[in-house]
Amino acid sequence: MSANPGDVAGLHPETRLVHAGTLRSQFGETSEALFLTQGHVYDSAEQAEARFLNKDPGFQYARFSNPTVAMLEARMAAFEGAEACRATATGMAAVTAAIMGQVRQGDHVVAARALFGSCRYVVEEHLPRYGVTSTLVDGTDLVAWREAVTPQTKVFFLESPSNPTLEVIDIAAVAALAKEVGATLVVDNVFATPLFQRPLQLGADCVVYSATKHIDGQGRCLGGLILASQAFIEAHVQTFLRQTGPAISPFNAWVMLKALETLPLRVRQQAHNAAIVAEWLAGRPGLSRVIFPCARNHPQAEIIARQMTGPSTLVAFEVEGGKEAAFRFLNGLKLIRISNNLGDAKSLIVHPATTTHQRFSSEIRASMGISDGLIRLSVGLEHADDLVADLERALAGV
Ligand SMILES: Cc1ncc(COP(=O)(O)O)c(C=O)c1O
């Protein structure tokens, strides 16, 4: 097996996504091979010993690593500009490992309160079970981050833009504060996608993805990615993953690896469609709020201009008339389907208050900006005119 001889380091992101990390077998295949194997055999007992001592390069067991998974990790690291990447079975496995791998009893975590429901569960309910306290803050308020810090604070965690309200946090400012107080910053970059926002370049220590979303982008497999410096991965992530076992299946890694080749094409087109849809929604009667990261009236437009190179493929909007009106609207759609997933080639829509954020009280939902009329739309690859026509028909029936 040989590594891709072409040095892709100085090449454009699109080129890196097609070529970086390729390991070619003796058969010289054009498309990366799927190594669907649990383990590997050794030529001798001595080689097995050397491999376990990390003195002999190669693979041992798919819970630790696998050639197809390694290709995905190397390609993603090259794209993100990270020294190292580790893949996991799901996005939540990535979030959990990135945070839990860093903390121990007595430590403290500060996180933005506008989080995806499961991320918030990990911070708010799971960590305290092991003696790790946490404080949730308004992520847009730098003073609140500073006031939440204690001598035990080890990790800052945020999502930007947030799910589902597309709230944007000043990553560089929060990263600077984290450094000042001796904490690390972990950023969930799912909504921005690796194409439109680079948290590591903004000063974050670690970036996590649900690869389930735009990276697969075609609704097939679950996966997660953790990107950071080699030192961070070795200190906090590597052993946690190896010993606790949230490994990605080689098959899922292969799907993600091939999907990376088309990521820029897909995400740029989806974001283009999302901008058309957001602009159309902004002028509609019956909607009280339309949130889209590149809209001029976005509350954090100035931060977006500094830290994002494109918008998102998601649009959030509020239907007047609360839950009943929102349900009538969703049920009136024909092309756009109701689903809690996002980042897909197919446009998907969800009512967060009764699905992804259902387990929170209405007070907590209100503090996260999630009203009963709020709807989250993930814009896909259909023609924008067909999406607008579907939305128009459904809105007329509300
Ligand atoms: C922002 C964010 N982070 C993490 C996740 C979890 O990803 P997964 O479903 O792959 O575990 C999601 C899933 O919706 C998400 O939206």
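Residues numbered from 1 in each chain as written. Predicted model: local features only at pLDDT ≥ 70, side-chain atom pairs only at ≥ 80, totals over all residues. Heavy atoms only, no water.

Trainee: Residues and numbers for the sheet that holds strand S3 (residues 84–88), please.
Mentor: Sheet architecture is open: seven strands sit in the order S3-S9-S8-S7-S6-S4-S5, paired in mixed fashion. Of all the strands in the sheet, the pair left with one neighbour each is S3 and strand S5 (133–137). For this sheet, the mean inter-axis angle between neighbouring strands, taken without regard to orientation, is 20°. The sheet contact formed by strand S7 (residues 184–188) and strand S8 (residues 206–210) spans three bridges and is parallel. The residue of S8 that forms the bridge with Val-187 is Val-207. (Pairing = 2+ DSSP bridges. Helix = DSSP H or I, 4+ residues; strand = E, 2+ residues; numbered from the N terminus. Axes fitted to C-alpha atoms, helices over the stretch in contact; angles between N-to-C directions.)

Trainee: So what about the site of the ligand? Which residues, and what values?
Mentor: Around the ligand, 14 residues are found, and the nearest of them are Met-92, Asp-188, Ser-210, Thr-212 and Lys-213. In the model, an oxygen atom of the ligand is placed 2.8 Å from a nitrogen or oxygen of the Ser-210 side chain. Thr-212 is positioned with one of its side-chain polar atoms (N or O) 2.6 Å from an oxygen atom of the ligand. Coverage of the ligand by the protein amounts to 90% of the 390 Å² it exposes when considered alone. Tallied by class, the residues present in the shell around the ligand amount to five nonpolar, six polar and three charged. (Near = heavy atom within 4 Å. Polar contact = N/O pair within 3.5 Å; in protein donor to acceptor, adjacent residues only side chain to side chain. Areas by Shrake-Rupley, 256 points an atom, 1.4 Å probe, with all protein chains shown as cover. Nonpolar A, V, L, I, M, F, W, Y, C, P; charged D, E, K, R; others polar.)

Trainee: Talk me through the packing of helix H3 (residues 67–80) against helix H10 (residues 250–260); I want residue IDs and the actual numbers.
Mentor: Between H3 and H10, the shortest axis-to-axis distance is 8 Å and the interhelical angle comes to 35°. In this structure, H3 crosses over H10, and the sense of that crossing is left-handed. Together, Thr-68, Val-69, Met-71, Leu-72, Arg-75 and Met-76 of H3 and Pro-250, Ala-253, Trp-254, Met-256, Leu-257 and Leu-260 of H10 make up the contact between the two elements. (Left-handed = near helix turned anticlockwise from the far one by under 90°. Contact = heavy atoms within 4.5 Å.)

Trainee: Explain unusual backbone geometry to me, and be specific about the residues and the numbers.
Mentor: Residue Ser-160 is joined to Pro-161 through a cis peptide bond whose omega torsion reads -10°. Its place among the elements puts Pro-161 in the loop between strand S6 (153–159) and helix H7 (171–181). Between Asn-163 and Pro-164 the backbone carries a cis peptide bond, its omega angle lying at 10°. With respect to the helices and strands, Pro-164 occurs in the loop between S6 and H7. Phi is positive for Asn-54, close to 60°, though the residue is something other than glycine. Summarising the element assignment, Asn-54 is placed in the loop between helix H2 (45–52) and H3. Looking at Asn-54, the relative accessible area reads 66%, which means it is exposed. One non-glycine residue, Thr-193, lies in positive phi territory at about 70°. Structurally, the position occupied by Thr-193 is in helix H8 (residues 193–196). Judged by relative accessible area, Thr-193 falls into the buried class, the value being 1%. (Buried < 20%, exposed > 50% of the residue type's maximum accessible area, 1.4 Å probe, protein only.)

Trainee: Outline helix H11 (residues 263–282), supporting the account with residue identities and numerical values.
Mentor: In this model H11 runs 28 Å from its N-terminal to its C-terminal C-alpha over 20 residues, within 8% of the 28 Å that 1.5 Å per residue would give. Residues of H11 that are buried: Leu-263, Pro-264, Arg-266, Val-267, Gln-270, Ala-271, Asn-273, Ala-274, Val-277, Ala-278, Trp-280 and Leu-281. (Expected span 1.5 Å × (residues − 1).)

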